[in-house]
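Summary of structural features
The lines below spell out each chain.
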Amino acid sequence: MDVDSIRATELTILQKIFNDDGPDIIGLYGIAGIGKSTLLAQFVEQYPSHCVKVDCQAVEPTPKGFIEQLHYQLACDNDLDSVRRCLPPNTVLILDQFESCILIESWLRRDFLPNMNKDLKLILSGRLHPDNQWVLNPPLNRQFRCLKINSLPLAQAVDYLQQQGHSKILSMGINQFASGHPLALKLASSAMLEEPNRRLSEIPPNEVIQTLVSYFAQDIKDPELRRALEATSIVRRINESLLSSMLDIDHTTSTKLYEKLSNISFIDSRVDGLNLHDVLKNVLSSNLKMRSPTTYCDYRNRACQTLLQELHQASTSQLWRYTADMLYMVDNVVIRSAFFPPNDSRSYSVEPAQESDKTAVMDIIKKHEPTDCLAYYSDWWNRHLNAFHCVRDSNDSLVGFYCLINPDEVSPSLLQQDPLTAAWYRHLSLSTADTQQATKSIFIRRWLSQSEGESLSGVQAACWLDIKRTYLEMRPELRTVYLALNDLQPYASVATELGFQVLDLDVNIADRTYYTAMLDMGEHSVDGWISKRLLHEINQENQMAALPNWFDKQARQLILKEQKIDLTPLELGTLELLIRNPETAVARKDLLKNVWGIEYEGASNVVDTIIRSLRKKLNDKSAVIQSVRGVGYRYTNKD
């Protein structure tokens, strides 16, 4: 018996979706590893002719991408009417890993479901509690119900462990630390069966999963297979080409390893490759990064190069697969969470504006914008309502909005009537004329929160999350993004990290100055932008991985014998340059040029003075800096 099969109560609730008085939509949610996907598999097994299951991780989170996925699965035409006709009566559409599709959650509720047959049922399964709008404003008065998956009760957990061959006493001991969590139970059972002398009682409660995953990896005796597992933990999905590149092995060897990987528990075989369970991924990749940062960086670098090569050869239908791969590898929390939010709860919903929202939106504008601006916003509202998107809280109150304009969808005369969009339109026209390259752009005219205005806030984050759907919908044509800010300072570090640059394009309205920031994604659009950020990260990681653990570049300190020793800027630059060129003689003139920033061909003792100071601070490690007679200095890690 599998631990995930002990879900009779939850399965009964899912079955009620077929009852006349049952729910039309069920939001199934719970933490990672709790058993949602396996419960759904049981449900599908019972009702195979009534279920259509979609893995949202394989779906581009845009309306077009969702319809294309159903077109592929149902073998129908690529439009809503064809999808509706191809879905049999009393069908349950199951969206697994639904957190990957929250960018289109509003569209599913407002546009997709109302256009389907009334007897179509929906199950949304993921880590996140579904949007409150399913309860507050259900589509066509359909009934919605949430179903949270919790850990197993003690009796069921112990019963499962006993059936795996453990004694009742040991089963109760294992569950004391697994706490009924299905994934932890399976890992712990496997660990104890492999090595019965392990003492799980010594594991701190907050380290249970991490330790159990470590046991799982240790119990794989084949070192090559263990390496392959670690490589798999770093990427969203692994295929043979990625495996071959990351491990630097030939095709024959990668094929054999790939087959071995596919037979490992906790690895799913999917259309686009193998996928390791997210919990195991996180633990194994974090452990590798801490234990061997050089290996971690090398794997990421090789994976990135392979994905970039395949990305440029991918067909339109495959494009999202590689975009998702690149996004998964990006550590930058601003980029990654903007597309795939990590939090298990959401406070806000973002909806297209309705005429009834006008008073609330204009009240926000009056509160935070000069009076002269109201006319511009009113003009946009009256002539281009779909530019506005409203943010609602859990009580369905309108607490913010954003205004996004696609200049290709409105007339130049309308753009010219607003000082901000007029300035952006002129800049865009000149830029396009200079490059002789047609590009698509979006103008993020403004985002405002009722309480915080343009400032960093949960409302602002909700706006930016929704805007990313537009990014994806317009790729691969989208190139430039314009936005306006009154105060650049709070956004400076984030904007720089994302690639935005401030233009010399200030616009004054009444007594307020609006500064323009622009993101140029380059000729490869969103995918090129993401790739560039990922490559930047990897380059930084490679640099950091090459530094010895006693040299903290970020803190500008040496860490020796648990003491922190500050370095001057010149000491820092000199030491780093030598370390970046190990076992290589670096001439004094090169040190002067690269650290001091001066050209000097004659003799100079300033470098020697810095070296003496460094050696003194290095103390017992001073031998890492060697003198090279007549040349300069050399770093060696053989101290």
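The structure reproduced in this document is the subject of the present report.

Definitions and limits used
Residues numbered from 1 in each chain as written. Predicted model: local features only at pLDDT ≥ 70, side-chain atom pairs only at ≥ 80, totals over all residues. Heavy atoms only, no water. Pairing = 2+ DSSP bridges. Helix = DSSP H or I, 4+ residues; strand = E, 2+ residues; numbered from the N terminus. Axes fitted to C-alpha atoms, helices over the stretch in contact; angles between N-to-C directions. Parallel < 35°, antiparallel > 145°, perpendicular 65-115°, else oblique. Contact = heavy atoms within 4.5 Å. Nonpolar A, V, L, I, M, F, W, Y, C, P; charged D, E, K, R; others polar. Phe/Tyr/Trp six-rings, centres within 6.5 Å; stacked < 30°, edge-to-face > 60°. Buried < 20%, exposed > 50% of the residue type's maximum accessible area, 1.4 Å probe, protein only. Lys NZ or Arg CZ within 6 Å of the ring centre and 35° of its normal. Salt bridge = Lys/Arg side-chain N within 4 Å of Asp/Glu carboxyl O. Core = buried A, V, L, I, M, F, W, Y, C linked by side-chain atoms within 4.5 Å.

**Things to note about the sheet that holds strand β5 (residues 144–148)**
Pairing in this open sheet of five strands is parallel, and the strands run β2-β3-β4-β1-β5 from one edge to the other. Edge positions in the sheet fall to β2 (51–55) and β5, since each has one partner strand and no second. Strand after strand, the sheet turns through a mean of 15° between neighbouring axes, direction not considered. Sheet topology places strand β1 (residues 25–29) next to β5; five bridges connect them, and they run parallel. In the strand pairing of β5, Y29 is matched with K148.

**As for the packing of helix α11 (residues 223–234) against helix α13 (residues 251–262)**
Put simply, α11 and α13 touch, their axes get as near as 10 Å, and they point 75° apart. Considering the angle they form, α11 stands roughly perpendicular to α13. Across from E224, L225, A228, L229 and T232 in α11, the residues of α13 making contact are L257, K260 and L261. Considering only residue class, the contact of α11 with α13 consists of five nonpolar, one polar and two charged.

**Things to note about unusual backbone geometry**
The omega torsion of the bond from R475 to P476 falls at 5°, within 30 degrees of zero and hence cis. Even without being glycine, S525 reaches a positive phi, approximately 60°. Tracing the sequence through the fold places S525 in helix α24 (residues 525–545). Phi is positive for N619, close to 55°, though the residue is something other than glycine. Mapped onto the fold, N619 is located in the loop between α27 (606–618) and β20 (625–628).

**Here we look at the packing of aromatic side chains**
Per the stated rule, a full pass over the model turns up 18 aromatic pairs. Arranged with centres 5.9 Å apart and planes meeting at 15°, the rings of F18 and F43 form a pair that is stacked. Of the two residues, F18 sits in the loop between α1 (8–15) and β1 while F43 sits in helix α2 (residues 36–46), which places them 25 residues apart along the sequence. Residue F43 is classed as buried on the basis of its relative accessible area of 0%. Put simply, the rings of Y377, W381, F388 and F401 touch in pairs and so form one group of aromatic residues. Across from the ring centre of Y471, 5.0 Å away, lies the NZ or CZ of K468, which sits over that ring.

**A closer look at the pattern of salt bridges**
Side-chain pairs of opposite charge can arise whenever the charged atoms involved come near each other. Within the structure shown, the criterion is met by 33 salt bridges. The salt bridge involving R110 is made with E351; its shortest N-O contact spans 3.0 Å. Pair noted here: R110 is in helix α5 (residues 105–112) and E351 is in strand β8 (residues 349–352), with a separation of 241 residues, a long-range link. Taking the relative accessible area as the measure of exposure, R110 reaches 29% and is therefore partly exposed.

**Remarks on the nonpolar core**
Looking at soluble globular proteins, one finds that nonpolar side chains tend to be buried together. Of all hydrophobic cores here, the largest spans 101 residues; its most connected members are L261, W447, Y471, F500 and W529. Ignoring sequence-local partners within four residues, the contact set of L261 consists of L225, A228, L229, T232, L243, I267 and L274. I364, Y377, F388 and A423 belong to the second-largest nonpolar core, a separate cluster that totals 33 residues.

**Details of the sheet that holds β20**
With respect to topology, three strands assemble into an open sheet ordered β19-β21-β20, the strand pairing being antiparallel. On the outer flanks of this sheet lie β19 (586–587) and β20, each paired with one strand and no other. The pairing of β20 with strand β21 (residues 632–635) spans four bridges and is antiparallel. Each bridged residue has a counterpart across the sheet, and for Q626 the counterpart in β21 is R634. Helix α25 (residues 569–580) contacts β19, β20 and β21 of the sheet and is inclined by roughly 65° relative to β21. Across the sheet, α27 is in contact with β20 and β21; its angle to β20 comes to roughly 150°.

Nothing here speaks to function; it is all geometry.
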